[in-house]
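Listed here are the chains, written in short residue letters.
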Number of protein chains: 2
Amino acid sequence: MGKLVIVGSIAFDAIETPFGKTDKILGGAATFIGLAASHFKVDSAAVSIVGGDFPQEYLDLLSERNIDLSGVEIIKDGKTFFWSGRYHNDMNSRDTLVTELNTLGDFNPVIPENYRDASVVMLGNLHPIVQSSVIDQMTKKPDLIVLDTMNFWMDSALEDLHNVIKRVDVITINDEEARQLTGEYSLVVAARKIHEMGPKYVVIKKGEHGALLFHNDNAFYAPALPLEEVFDPTGAGDTFAGGFSGYLAKTGDFSFENLKKAVIYGSTLASFCVEKFGTERMITLTDEEVQKRLAKFKQLTQFEIELN
Amino acid sequence: MGKLVIVGSIAFDAIETPFGKTDKILGGAATFIGLAASHFKVDSAAVSIVGGDFPQEYLDLLSERNIDLSGVEIIKDGKTFFWSGRYHNDMNSRDTLVTELNTLGDFNPVIPENYRDASVVMLGNLHPIVQSSVIDQMTKKPDLIVLDTMNFWMDSALEDLHNVIKRVDVITINDEEARQLTGEYSLVVAARKIHEMGPKYVVIKKGEHGALLFHNDNAFYAPALPLEEVFDPTGAGDTFAGGFSGYLAKTGDFSFENLKKAVIYGSTLASFCVEKFGTERMITLTDEEVQKRLAKFKQLTQFEIELN
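Residues numbered from 1 in each chain as written. Chains lettered and ligands numbered in written order. Predicted model: local features only at pLDDT ≥ 70, side-chain atom pairs only at ≥ 80, totals over all residues. Heavy atoms only, no water.

An unreviewed UniProt entry annotates chain A as Sugar kinase originating from Seonamhaeicola marinus.

Shown next as structure tokens:
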């Protein structure tokens, strides 16, 4: 069982969907990744930054799940990163209402000494230079570095983004971002171009339409579970990344066949995340519920056809 | 092995895509359905209407594939249904440039005597009253009636549409149409409402995002094969319907488990259809190529996860 380093924001989110709205609640990429990965009982460390306004109970909630927080810097007189957004009726698009970087604006991640030899590094969405600085700190080449990013960095720091993409094994990116990064409409062609930028594995997230895993000329498709309603999509991508990287850290098998399973675990965990606001559902989620839903994913996708 | 009745248009299409344009070429729902179903070596009959301008070579092409054409009426002094459309750059939307109903405007399908006891009836997209009239002619209750339809009939003949939906076992419909028919955004809820209208099985086609099969509370998801390029989507939905209904007519097994396989066969055949203009690819398609692509679909979707 390998160790997992998780780098990303820990934040306050205020969310508005057609189903209601929240005050400032627990959010952030590292939070969702950590909660999802905790289902695999790996040794994980979150590396992040918060302000003095961040409640101890939220920190306790993470450390109770065996997430090492020694790499989470607390700036006593600073404020925690705050994001607020409103989802449109179709839940596929949203408006950002507020982004207050606060302490996250000065984030210089420092990986705890005993995690510098981790086997899996999960780089949540952050400035690509910050992501690169994490890779620099690893004393042993990780078995797998996974990078999540978004269109914002393509618009504002493309060269830095290319520099970190080149150094990772897996990139997770949504369909529109894959198209923007490559200038290609076809996701097959876009994935090939991203391979050429460095990553062996390309995961293209398509929201309600699932996720595609590409490796050379092989593709694997994990659908999203069809749900009666998507209550709040916030954190679904990070939860996917947490399930994906947590499963891989646990198994230590980085073959295409095993990455398929990691994609299914990521999709399974993400299917819970959207059922309630923010982290609410992930906090109550049991391993038994995960296993039951995995069985649903099997029913949803598995068939028996004899080939001639 | 059961008999398959295919009812739908046989047409001329003129297609424009970002990759080029065609003159009037062979098209129509019954054509695509018949070509796809022919891979299952079932006894099938196309029931349709064409004008005196319809080339004998096109008729030969269909009858060479064991499609009985005795139910295809030829109006010597009439013209064949003609449709022309232009696809947008993303291939997911199109403008209809020309619709000349011609002989199709007076289509009164007459099922050949020896097909009135067919086990599977595939009702291609037509006026719902015309579709109903086909069901009326069956002397033996078919094992499975499959209905394809589109938003046009929801706008112009909703009551007639409801009357025929009530009489069928399977409906195939795209995601936007399912939402329009039910007023529900969630496809899970939409499928449940359509179940309540009559059909035991609901197939929701999502284009490049694949197809969902619903049966009571069970769902099955068949992805579309990720392709380098979609050259021309014309006929993909009908080809899906042809693969689906052809496989079911061949096997005579109408369980959920077997309908899953039918959806995979439908998706497999549709993945070829979009590779060239109109029916071009379907005409050259060999059974060996179909088997190879089925293997690709297995690779794309099958995984091994042991549940605890």
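Visitor: Would you mind going over the overall build of chain A in detail, with residue names and values included?
Guide: The number of helices and strands found in chain A is 11 helices and 14 strands. Taking 19 Å as the expected radius of gyration for a compact globule of 308 residues, we find that chain A reaches 18 Å, a close match to that expectation. Considering chain A as a whole, with its 308 residues, one finds that 61% of them fall into the buried category. Taking all contacts inside chain A whose residues are at least 6 apart in sequence as the whole, residues at least 24 apart take part in 65%. Computed over 29 positive and 44 negative side-chain charges, the separation of the two mean positions in chain A equals 4 Å. (Helix = DSSP H or I, 4+ residues; strand = E, 2+ residues; numbered from the N terminus. Rg over C-alpha atoms; globule rule 2.2 N^0.38 Å. Buried < 20%, exposed > 50% of the residue type's maximum accessible area, 1.4 Å probe, protein only. Contact = heavy atoms within 4.5 Å. Lys, Arg positive; Asp, Glu negative; His and termini not counted. Charge placed at Lys NZ, Arg CZ, Asp CG, Glu CD.)

Visitor: Which residues make up the interface of chain B and chain A, and what values go with them?
Guide: Contacts between chain B and chain A engage 38 residues on the former and 38 residues on the latter. Counting the surface lost from both chain B and chain A, the interface buries some 3700 Å², and carbon and sulfur atoms represent 56% of this. Inspection of the chain B/chain A interface yields 4 salt bridges. Glu228(A) is the partner of Arg192(B) in a salt bridge, and the nearest nitrogen-oxygen pair spans 2.0 Å. The interface formed by chain B and chain A contains 21 residue pairs in polar contact (both at pLDDT 80 or more). Residue assignment for the side of chain B that touches chain A shows that the elements contributing at least two residues are α7 (187–197), β13 (211–215), β14 (218–222), α9 (256–273) and α11 (287–301) of chain B. Among the elements that line the side of chain B that touches chain A, the one with the most residues is α11(B), at 8 residues. Of the residues belonging to the side of chain B that touches chain A, the class tally is 20 nonpolar, 8 polar and 10 charged. (Buried area = accessible area lost by both parts, 1.4 Å probe. Salt bridge = Lys/Arg side-chain N within 4 Å of Asp/Glu carboxyl O. Polar contact = N/O pair within 3.5 Å; in protein donor to acceptor, adjacent residues only side chain to side chain. Nonpolar A, V, L, I, M, F, W, Y, C, P; charged D, E, K, R; others polar.)

Visitor: Outline helix α3 (residues 128–137) of chain B, supporting the account with residue identities and numerical values.
Guide: Residues and elements named next belong to chain B. Of all the 10 residues making up α3, 7 are buried; the element is thus mostly covered by neighbouring parts of the structure. Among the residues making up α3, those that are buried are Pro128, Val130, Gln131, Ser132, Val134, Ile135 and Gln137. Close packing links the buried residues of α3 with β1 (3–7), β9 (120–123), β10 (144–148), α4 (151–156) and α5 (158–165).

Visitor: If you had to explain the sheet that holds strand β10 (residues 144–148) of chain A to someone new, which residues and values would you point to?
Guide: Residue and element names in this part refer to chain A. Spatial ordering of the open sheet is given by β6-β5-β1-β9-β10-β11-β12-β13-β14, a layout of 9 strands whose pairing is mixed. Each having just a single partner strand, β6 (67–75) and β14 (218–222) make up the two edges of the open sheet. The average undirected angle you get between the axes of adjacent strands in this sheet is 15°. Across 3 bridges, β10 lies against strand β11 (residues 170–174) in parallel orientation. Paired with Val146 across the two strands is Val170, which belongs to β11. (Pairing = 2+ DSSP bridges. Axes fitted to C-alpha atoms, helices over the stretch in contact; angles between N-to-C directions.)

Visitor: Tell me about the sheet that holds β13(B), and name the residues and values.
Guide: Residue and element names in this part refer to chain B. On the basis of which strands lie adjacent, the open sheet formed by 9 strands has the order β6-β5-β1-β9-β10-β11-β12-β13-β14 and mixed pairing. The open sheet has two edge strands, β6 (67–75) and β14, and neither has a second partner. The sheet shows a mean angle of 15° between the axes of neighbouring strands, taken without regard to direction. For β9 and β10, the ladder comprises 4 bridges, and the chain directions are parallel. Residue pairing in the sheet places Val120 in a bridge with Leu144 of β10. Along the sheet, helix α6 (residues 175–182) makes contact with β11 (170–174) and β12 (201–205), crossing β11 at roughly 110°.

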